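# Geometric and topological summary
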Amino acid sequence: MRKIAVVIVALMLSVPAVFAQGTSDKNHGEIGVFADMFRLTNTNYVGVGGRVGFNVHPNVQFEAEMNYDFERNFSTDIPLPGGTPNTFVRSNRRLIHGMFGPKFQVGTGAIRAFITAKGGFLNFSTDKNLAGQFSQVPNGDTNGVFYPGGGLEFYAGPIGIRLEAGDEIYWSNGAHNNLRVSAGPQIRF
């Protein structure tokens, strides 16, 4: 049984190397940063993140990404005697997203179109300390996520810009659909 497991692991590790033999010098993977907008119910959260992807075929890439959405203020009407003034309220909620999955792309030149389907998690945190927020991921308000999306990449040599949009669906007492848009630079290596 151990021999079979060793053979399976060896095959899994050699597949990316086999596919990489026929690719160009700048088509093994990508690394990038991005700004994102995540629409949760009626509130738009804005954040930053990073992603890394490695090609297993010229048209297939496995990506991992993580991003952090900052606390958001929103306006609300608070009824008071004599009127209803509009006031700003802090949400005290920060979001941490983590996803992994395949990206299928067409085109090998300066412009590429792609679709992706990723799974992962979305954590709703109220901790003001960034380290505390990450420690809440395993035991805090963390929900499963499925993200179908797509977009375009524009390259000038190894430097590019990626534009992406999709539906980040998280599960908490049922499915919740949320628009997610991201854009940022990346480097192809």
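Residues numbered from 1 in each chain as written. Predicted model: local features only at pLDDT ≥ 70, side-chain atom pairs only at ≥ 80, totals over all residues. Heavy atoms only, no water.

## Some remarks on the packing of aromatic side chains
All told, the structure shown has 4 aromatic pairs when counted by the stated rule. Both rings, one in Phe54 and one in Phe189, keep their centres 5.9 Å apart while their planes meet at 75°; by these two values the pair is edge-to-face. Here the residue Phe54 occupies a position in strand 2 (residues 43–57), and Phe189 occupies one in the segment after strand 12 (179–188), the gap between them amounting to 135 residues. On the basis of relative accessible area, Phe189 is assigned to the partly exposed category, the value being 34%. Aromatic pair Phe124 and Tyr170: ring centres 5.3 Å apart, planes at 65°, arrangement edge-to-face. Of this pair, Phe124 sits in strand 7 (residues 111–125) while Tyr170 sits in strand 10 (residues 169–171); the two residues are 46 residues apart in sequence, bridging distant segments of the chain. Grouping residues by exposure puts Phe124 and Tyr170 together as buried. (Phe/Tyr/Trp six-rings, centres within 6.5 Å; stacked < 30°, edge-to-face > 60°. Helix = DSSP H or I, 4+ residues; strand = E, 2+ residues; numbered from the N terminus. Buried < 20%, exposed > 50% of the residue type's maximum accessible area, 1.4 Å probe, protein only.)

## Quick word on the nonpolar core
Judged by nonpolar contacts, Phe38, Leu40, Tyr45, Leu95, Met99, Leu122, Phe124, Val145, Tyr147 and Tyr170 together constitute the single largest core of 10 residues. Elements with a contribution of two residues or more to this core: strand 1 (29–40), strand 6 (94–106), strand 7 and strand 8 (141–156). (Core = buried A, V, L, I, M, F, W, Y, C linked by side-chain atoms within 4.5 Å.)

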